[in-house]
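If you want the building blocks of each chain, they are given just below.
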Amino acid sequence: MREVLFGSPLAWACSVVLAIVALAAMAGPWLSPWAFDAVDWDAIDAAPSTAHWFGTDGVGRDLLARTLTGARVSIVIAISATLVSCLIGIPWGAAAGYIGGPTDMTMMRIVDGLYALPFILLVILLVVLFGRNVVLLFVALGAVSWLDLARIVRGQTLAAKNEAYVEAARAMGVGTPGILVRHIVPNVAGPALVYATLTVPGVIIAESFLSFLGLGVQEPQTSWGVLIADGAREMRSSPWQLIFPASMLALTLFALNVLGDRMRDALDVPDRARSKTLKTQAGR
């Protein structure tokens, strides 16, 4: 893990960026003297200054406080939705790959059917049925992001279920639930968790997109998507309203993608080494 985070200057810089963003999001209320919903009537639509480092929006709210609050909301939603996808996708893919046969076919056809549902339509239906609620974002984003994870876990399970330790567990009389819990899931969790780190940026983008459309986080609460939507409307007259939240979102997504790719490469190293060893032995 240390090599993943600090193995290159780019990875080190991305780790620092993520640490700064996380600390700023957690310490936001103490970094700014303004609450995220407090109005400064003397500084409506004001440019960045010593009083308001990021400026203010069209109603006089401090943009720094709102950007940090938006970071906290977007990151919490992304992590929560990713956890939901792991809780659904890993057991689903492991069960489908290990059991196989008609059960595998049925479970994966369900996944294909869910792929066919438009994501935005699903969110709109949830909003119509249950109203606008941040919890719905967890459900909607998690209900979509687990599909790819289930496919990846299924592929890993198809390779793992023929390993010697699984055959030994079967010979000892361990049932299917026991093999899945004790052997299959722990051994496929590594690639699954690496993929989960790569889904966090996608979930943040999806949340920002939904909030941009007005289907996500609602006032007085805020998120990066809400701030970017507000800033886009005022881009010509008040460009700072778009520049600061969009820059933080872009930096965070870039850092997450870089570290996720490094984790994936680090996990592939043992596999490549083992493949090279097997080829060498086969050549002998």
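None of these values were measured; they are calculated from a predicted model.

Caption draft 1: Examining the overall build of the protein more closely. Scanning the protein from terminus to terminus reveals eleven helices and zero strands. The order of α-helices and β-strands along the protein, N terminus first, is α-α-α-α-α-α-α-α-α-α-α. Put simply, the protein has 284 residues, and 40% of those count as buried. In the protein, of all internal contacts separated by at least 6 residues, the share reaching a separation of at least 24 is 68%.

Caption draft 2: Spatial organisation of the nonpolar core. One finds Leu141, Ile204, Trp224 and Leu249 to be the most contacted residues of the largest nonpolar core, which totals 40 residues. Those elements that place two or more of their residues in this core are helix 2 (9-26), helix 4 (63-99), helix 6 (119-130), helix 7 (134-160), helix 9 (176-212), helix 10 (224-233) and helix 11 (240-283). Here this core gets nine residues from one element, more than from any other, and that element is helix 11. For Leu141, the contacting residues outside a window of four places in its chain are Ile77, Ala81, Phe119, Val203, Ala206, Glu207 and Leu210.

Caption draft 3: The arrangement of the pattern of salt bridges in detail. Evaluation of the coordinates by the stated rule reveals seven salt bridges. Its salt-bridge partner being Asp57, residue Arg61 comes within 2.9 Å of it at the nearest N-O pair. Neither residue differs from the other here; Arg61 and Asp57 are each classed as buried. With a closest N to O distance of 2.8 Å, Arg109 and Asp112 form a salt bridge. Separated by three residues within a single helix, Arg109 and Asp112 lie in helix 5 (residues 101-116), roughly one turn from each other. Salt bridges sharing partners connect three or more residues here, namely Asp57, Arg61 and Arg66.

Caption draft 4: Main features of a nonpolar patch on the surface. Residues Val39, Trp41 and Ile44 make up a contiguous nonpolar surface patch of about 320 Å² in total accessible area. Following the sequence through the fold, Ile44 ends up in the loop between helix 3 (28-31) and helix 4.

Caption draft 5: Looking closely at the packing of helix 4 against helix 9. In the contact formed by helix 4 and helix 9, the axes pass within 7 Å of each other and the chain directions differ by 145°. With respect to the hand of their crossing, helix 4 and helix 9 are arranged in right-handed fashion. In contact with Ser74, Ile77, Ala78, Ala81, Thr82, Cys86, Ile90, Ala94, Ala95, Tyr98 and Ile99 of helix 4, helix 9 contributes Thr176, Ile179, Leu180, Ile184, Val185, Ala192, Ala196, Thr199, Val200, Val203, Ile204 and Glu207.

Caption draft 6: Structural context of the packing of aromatic side chains. Summed over the entire model, instances satisfying the criterion amount to two aromatic pairs. Taking the centre distance of 4.1 Å and the plane angle of 5° together, the rings of Phe54 and Phe244 count as stacked. Of this pair, Phe54 sits in the loop between helix 3 and helix 4 while Phe244 sits in helix 11; the two residues are 190 residues apart in sequence, bridging distant segments of the chain. Given the relative accessible area of 17%, Phe54 is considered buried.

Caption draft 7: Up close: the packing of helix 9 against helix 10. Closest axis-to-axis distance for the helix 9/helix 10 pair is 7 Å, and the angle between their directions is 50°. Taken together, the axis directions place helix 9 and helix 10 in an arrangement best described as oblique. In this structure, helix 9 meets helix 10 at a crossing whose hand is right-handed. Taking contact as the criterion, the partners of Ile204, Ser208, Ser211 and Phe212 in helix 9 are, on helix 10, Trp224, Gly225, Val226, Ile228, Ala229 and Ala232.

Caption draft 8: Layout of the confidence of the model for the protein. Looking at the protein, pLDDT values average 79 and 88% of them are 70 or higher. Taken element by element, the predicted model of the protein shows its lowest mean pLDDT in helix 1 (residues 2-6) (57) and its highest in helix 5 (88). Between residues 269-284, whose pLDDT stays under 50, and residues either more than four places distant or in other chains, the model counts one contact.

So, how was this worked out
Residues numbered from 1 in each chain as written. Predicted model: local features only at pLDDT ≥ 70, side-chain atom pairs only at ≥ 80, totals over all residues. Heavy atoms only, no water. Helix = DSSP H or I, 4+ residues; strand = E, 2+ residues; numbered from the N terminus. Buried < 20%, exposed > 50% of the residue type's maximum accessible area, 1.4 Å probe, protein only. Contact = heavy atoms within 4.5 Å. Core = buried A, V, L, I, M, F, W, Y, C linked by side-chain atoms within 4.5 Å. Salt bridge = Lys/Arg side-chain N within 4 Å of Asp/Glu carboxyl O. Patch = residues over 30% accessible without salt bridge, like charges linked within 9 Å, V, L, I, M, F, W, Y side chains within 5 Å. Areas by Shrake-Rupley, 256 points an atom, 1.4 Å probe, with all protein chains shown as cover. Axes fitted to C-alpha atoms, helices over the stretch in contact; angles between N-to-C directions. Left-handed = near helix turned anticlockwise from the far one by under 90°. Phe/Tyr/Trp six-rings, centres within 6.5 Å; stacked < 30°, edge-to-face > 60°. Parallel < 35°, antiparallel > 145°, perpendicular 65-115°, else oblique. pLDDT = per-residue confidence, 0-100.

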